[in-house]
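An overview of the molecular structure
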Amino acid sequence: NLVSGSPYRLPENILAKSNLTLQLLKAIDIWLLGAVIYYLLTSSNAFEKSDQQSIDDINQTILNESPPLQLLPTQLTTNNNFITMLSGMLIKKSS
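Residues numbered from 1 in each chain as written. Predicted model: local features only at pLDDT ≥ 70, side-chain atom pairs only at ≥ 80, totals over all residues. Heavy atoms only, no water.

1. Concerning the overall build of the protein
A tally of helices and strands in the protein yields five helices and zero strands. Listing every helix and strand of the protein by position from the N terminus yields α-α-α-α-α. When each of the 95 residues of the protein is scored for burial, the buried share is 28%. When contacts within the protein are restricted to residue pairs at least 6 apart in sequence, those whose partners lie at least 24 apart make up 57%. Per element, the accessible surface of the protein, about 6,600 Å² overall, is 54% carbon and sulfur. (Helix = DSSP H or I, 4+ residues; strand = E, 2+ residues; numbered from the N terminus. Buried < 20%, exposed > 50% of the residue type's maximum accessible area, 1.4 Å probe, protein only. Contact = heavy atoms within 4.5 Å. Areas by Shrake-Rupley, 256 points an atom, 1.4 Å probe, with all protein chains shown as cover.)

So, in structure tokens, the structure goes:
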């Protein structure tokens, strides 16, 4: 099996059993933008605990955990609007 693309996938995409809908594609864009913003601000991946994690382990982390927002710069952690926005981008939607 050839694996391509990023191991970071929207939780709903991990669980998807059929073709992606337009609504899901929009959610993927928002979620990935949140993951990129998180990385740019922290220099770390939101859901990767170590360099040795498998894609399955990262998927489980995405599905079961929230990113550590305490790694964000202090001036942003006190900005409730920013935290609400970023958390909303990375939140797991129920299917």
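Next comes the rest of the description.
2. Section: helix 3 (residues 55–64)
For helix 3, the set of buried residues is Ile58, Asn59, Thr61 and Ile62. In a view along the axis of helix 3, the buried residues occupy a sector of 160°, so they form one face of it. Relative to its buried face, helix 3 has exposed residues pointing more than 90 degrees away, namely Asp56 and Asn64. (Arc of directions from axis to C-beta.)

3. A few points about the environment of Met89
Structurally, Met89 can be placed in helix 5 (residues 80–90). Sequence separation of Met89 and Ile28 is 61 residues, and the distance between their C-alpha atoms is 9.5 Å. In this structure, Met89 is in contact with Ile30, Trp31, Leu33, Gly34 and Ile37, ignoring residues within four places of it in sequence.

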